[in-house]
Amino acid sequence: LIRKGTVARQGGIVVPAGKTLRAQEIGALVEAGSAAPLVAPQPRVAILATGDEFVPPGSPLGPGQIRNSNEPMLAEQMRECGAHPQPLGIAPDQPEPLLELIRQGLQQDLLLLSGGVSAGKRDLVPAQLAAAGVRQIFHKIQMRPGKPLWFGVYHREAGGRCLVFGLPGNPVSSMVCADLFVRPALRKLQGIEPAVVSPLTARIAHPFRMQGDRPTYHPARLFAVGSELRVEIVDWVGSSDLRSTVSANGTVYLPPGEKSYSFGDEIPFHPWTQSGV
């Protein structure tokens, strides 16, 4: 026999606000008589790659072309964050087709554009976002990878808004910016607190030297040795080197300037989305 009130008492909290509903939360809510709890809707995220150089996955490559790896990569990141990705395909480097696809994406909760936000002649995204009525909040950040990042907000006439992120085209830049900037926005929309996930503290597993003029989020691999968290810095040659991230499960934060790390030094580690929403 179980005495009344042993598991929970009247007026007590069964599932706190901001909690992701797993199987056990759903079961506990139903058990307590809440068959239709109030939940935040799953955010809808439009994803649009830009650039004449992109071809769809599985297509043969012509001269100067690359496969559109950013779209499936970003789509999976969004799913891992509890969002519903809606890929829009590839926009060419032409103002009118780009503007039309942007307008489609603005009907969702978020719009992620990959590429076209630097300062080149064919980087058309900021101008076409302005033409669509998106208000720019900032453009370019002091960070590596991800310097060209663009962010703005679009308010629909019928109500509601769309958060717009112009992500850099290089895949590691796009992935890291999505993790550091888009993930907190999705957490906020879903009522998950804290919106910004604090880094873990780990110890360097090997000597490492870094020199740079910007704060750097360097791909790394976190692992445990007993009760201690350690981190291995992976070999990484820059924002286009997506292959190296296969060996990583997050990034370490490296401040600007020149610094040498010794075995056992503490360093902040940012787990990627697959390590937890």
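Residues numbered from 1 in each chain as written. Predicted model: local features only at pLDDT ≥ 70, side-chain atom pairs only at ≥ 80, totals over all residues. Heavy atoms only, no water.

**Student:** So what exactly am I meant to see when it comes to the overall build of the protein chain here?
**Tutor:** When you go through the protein chain residue by residue, the secondary structure sums to five helices and 15 strands. Considered along the principal axes of its C-alpha atoms, the protein chain spans approximately 75 × 55 × 35 Å. Split by element, the accessible area of the protein chain, about 14800 Å² in all, is 53% carbon and sulfur. With 27 positive and 23 negative side-chain charges, the protein chain shows a spacing of 6 Å between the two charge centroids. (Helix = DSSP H or I, 4+ residues; strand = E, 2+ residues; numbered from the N terminus. Areas by Shrake-Rupley, 256 points an atom, 1.4 Å probe, with all protein chains shown as cover. Lys, Arg positive; Asp, Glu negative; His and termini not counted. Charge placed at Lys NZ, Arg CZ, Asp CG, Glu CD.)

**Student:** Is there a simple way to explain the environment of Pro-256 in this structure?
**Tutor:** Considering the arrangement of structural elements, one finds Pro-256 in the loop between strand S13 (250–254) and strand S14 (257–261). The exposure class assigned to Pro-256 is partly exposed, which follows from its relative accessible area of 45%. Measuring from C-alpha to C-alpha, the distance between Pro-256 and Gly-212 comes to 5.3 Å, with 44 residues separating the pair along the chain. Apart from residues no more than four positions distant in its own chain, Pro-256 is found in contact with Gly-212, Asp-213, Arg-214 and Pro-215. (Buried < 20%, exposed > 50% of the residue type's maximum accessible area, 1.4 Å probe, protein only. Contact = heavy atoms within 4.5 Å.)

**Student:** Looking at this structure, I do not really get the pattern of salt bridges. What am I missing?
**Tutor:** Throughout the structure, instances matching the rule amount to 12 salt bridges. One salt bridge connects Arg-44 with Asp-109, and the closest N-O pair in it is separated by 3.6 Å. Residue Arg-44 is located in strand S1 (residues 44–50), and its partner Asp-109 is located in the loop between helix H3 (95–105) and strand S5 (110–114); the two are separated by 65 residues in the primary sequence. Measuring nitrogen to oxygen at the nearest pair gives 2.9 Å for the salt bridge that ties Glu-232 to Arg-221. Note that Glu-232 is positioned in strand S12 (residues 228–233) and Arg-221 in strand S11 (residues 216–225), a separation of 11 residues in sequence. Under the relative-accessibility criterion, Glu-232 is labelled partly exposed at 30%. Assessed through its relative accessible area of 32%, Arg-221 is described here as partly exposed. A single salt-bridge network, built from bridges that share partners, covers Arg-203, Glu-228, Arg-230 and Glu-266. (Salt bridge = Lys/Arg side-chain N within 4 Å of Asp/Glu carboxyl O.)

**Student:** Explain the side chain of Arg-156 here, please?
**Tutor:** Looking at where Arg-156 falls in the secondary structure, it is placed in the loop between strand S7 (150–155) and strand S8 (161–167). Asp-109 provides the closest opposite charge to the buried, salt-bridge-free Arg-156, at an N-O distance of 4.8 Å.

**Student:** Please explain helix H5 (residues 171–189) as it appears in this structure.
**Tutor:** Along an α-helix, residues three or four apart share an orientation, since each turn contains 3.6 residues. The terminal C-alpha atoms of H5 lie 25 Å apart, and with 19 residues this matches the ideal 27 Å at 1.5 Å per residue to within 8%. Residue Ala-178 marks the point of greatest curvature in H5, where the axis turns by about 40°. Burial analysis of H5 places 15 of its 19 residues in the buried class, which makes it a mostly covered element. With its phi angle positive at about 75°, Gly-191 sits one or two positions after the end of H5. (Expected span 1.5 Å × (residues − 1). Bend = angle between axes of the 7 residues up to and from the residue.)

**Student:** Help me out: how do you make sense of the sheet that holds strand S15 (residues 266–271) in this one?
**Tutor:** Within a sheet, adjacent strands bond to each other through the backbone by hydrogen bonds, running parallel or antiparallel. As summarised here, the arrangement of the five strands in space is S9-S12-S11-S13-S15, forming a closed barrel in which the pairing is mixed. Recorded for the sheet is a direction-independent mean angle of 55° between the axes of neighbouring strands. Of the strand pairs in this sheet, S11 and S12 are connected by six bridges, and their pairing is antiparallel. Paired with Arg-221 across the two strands is Glu-232, which belongs to S12. Sheet contacts for H5: S11, S13 and S15; angle to S15, the most-contacted strand, approximately 80°. (Pairing = 2+ DSSP bridges. Axes fitted to C-alpha atoms, helices over the stretch in contact; angles between N-to-C directions.)

**Student:** When you look at the environment of Gln-77 in this model, what are you seeing that I'm missing?
**Tutor:** Within the secondary structure, Gln-77 is located in helix H2 (residues 70–80). Of the residues examined, Gln-77 reaches a relative accessible area of 8% and is grouped as buried. Separated by 168 residues in sequence, Gln-77 and Thr-245 have C-alpha atoms that sit 14 Å apart. Setting aside chain neighbours within four positions, we find Gln-77 in contact with Met-175, Ala-178, Asp-179 and Thr-273.

**Student:** Which parts of the structure should I look at to understand the nonpolar core?
**Tutor:** Side chains of a nonpolar character, in soluble globular proteins, are inclined to be buried together. In this structure, Val-45, Met-78, Leu-112, Phe-165, Leu-167, Val-182 and Leu-186 are the most contacted members of the largest nonpolar core, which totals 31 residues. Elements represented by at least two residues in this core include exactly S1, H2, S5, S7, S8 and H5. Take this core: its biggest share by element is eight residues, from H5. Core analysis: the next-biggest nonpolar cluster, separate from the first, contains 20 residues, Leu-48, Ala-91, Leu-99 and Ala-132 among them. (Core = buried A, V, L, I, M, F, W, Y, C linked by side-chain atoms within 4.5 Å.)

**Student:** Teacher, can you tell me more about the sheet that holds S1 here?
**Tutor:** An order of S4-S1-S5-S8-S7-S6 is seen for the six strands of this open sheet, with the pairing classed as mixed. The sheet is open, and its two edges are formed by strand S4 (84–91) and strand S6 (135–139), each paired on a single side. Within this sheet the neighbouring strands show an average axis-to-axis angle of 20°, counted without direction.

These figures capture arrangement, not role.
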